[in-house]
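# Chain and residue survey
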Amino acid sequence: PEPEEAGDSGKKYVVNLIDSPGHVDFCSEVSSAARVADGALLVVDAVEGVCVQTRAVVRQALGEKLKLCLVINKLDRLIQELKLSPAEAHLRLLKIVHDVNGAV
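Here's a quick rundown of the structure. (Residues numbered from 1 in each chain as written. Predicted model: local features only at pLDDT ≥ 70, side-chain atom pairs only at ≥ 80, totals over all residues. Heavy atoms only, no water.)

## Notes on unusual backbone geometry
To keep things clear, this is the line we draw: Each helix is a run of H or I in the DSSP string that is no shorter than four residues. Each strand is a run of E no shorter than two, and both are numbered from the N terminus.
Positive phi outside glycine occurs at lysine 65, with the angle close to 60°. By secondary structure assignment, the location of lysine 65 is in the loop between α2 (52-63) and β2 (67-73). Although it is not a glycine, lysine 83 sits at a positive phi angle of roughly 55°. Relative to the elements of secondary structure, lysine 83 occurs in the loop between α3 (76-80) and α4 (86-103).

And the structure:
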């Protein structure tokens, strides 16, 4: 399909997404995907937080000079499963951001 025009600039963009699991069994796939990408969405589960493999993926992405964008998903689990108050959920999210920044 043809790329759609973006805004008034007249420039056209194509976005290709590569889904590469962060699990340790897929480290070669992460490495391959990082070599052909311009940037990366780092998806972190709000309940699981930053794991050892998350840090490894961050190192790989930075080694390939990718721009990282943190996405925290499954926020609903903080309330529905863990029964956190808004203040506790906020602290959990801050910890995730802090942990990712620490890996950078």
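Next comes the rest of the account.
## What about the side chain of aspartate 99?
Cut-off, in case you're wondering: In this scheme, a residue with accessible area under 20% of its type's maximum is buried, one over 50% is exposed, and one in between is partly exposed, where area comes from a 1.4 Å probe on protein chains only. Pairs of residues are marked as contacts when any of their non-hydrogen atoms sit within 4.5 Å.
With respect to the secondary-structure elements, aspartate 99 resides in helix α4. Classification of aspartate 99 by relative accessible area gives buried; the value is 14%. The residues contacting aspartate 99, other than those within four sequence positions of it, are Val50 and Arg55.

## Side note on helix α1 (residues 27-35)
As a reminder of what qualifies: Here the arc refers to the directions that run from the helix axis out to each C-beta atom.
Listed in full, the buried residues belonging to α1 are Val30, Ser31, Ala33 and Ala34. Seen along its axis, α1 keeps its buried residues to an arc of 165°; they face one direction. Residues of α1 that are buried sit in contact with α2.

## Describing the pairing of β2
What counts, and what does not: At least two DSSP bridges between two strands are needed for those strands to be called paired. With its strands directed away from the observer, a crossover is right-handed exactly when the path from the first strand over the helix to the second travels clockwise.
Alignment of strand β1 (residues 39-45) against β2, held across seven bridges, turns out to be parallel. Counted as the bridge partner of alanine 40 is leucine 68 from β2. For the crossover from β1 across α2 to β2, the handedness is right-handed.

## Some points on the environment of alanine 37
In this fold, alanine 37 is placed in the loop between α1 and β1. Each C-alpha atom of the pair alanine 37 and isoleucine 18 lies 8.3 Å from the other, and the pair is 19 residues apart in sequence.

## Topic: the environment of lysine 67
Here lysine 67 lies in strand β2. In this structure lysine 67 comes out as exposed when scored by relative accessible area, which is 66%. Taking the C-alpha atoms as reference points, lysine 67 and glycine 39, 28 residues apart in sequence, are found 4.5 Å from one another. Discounting chain neighbours no more than four positions away, the residues touching lysine 67 are Asp38, Gly39 and Ala40.

None of this, on its own, says anything about what the molecule does.
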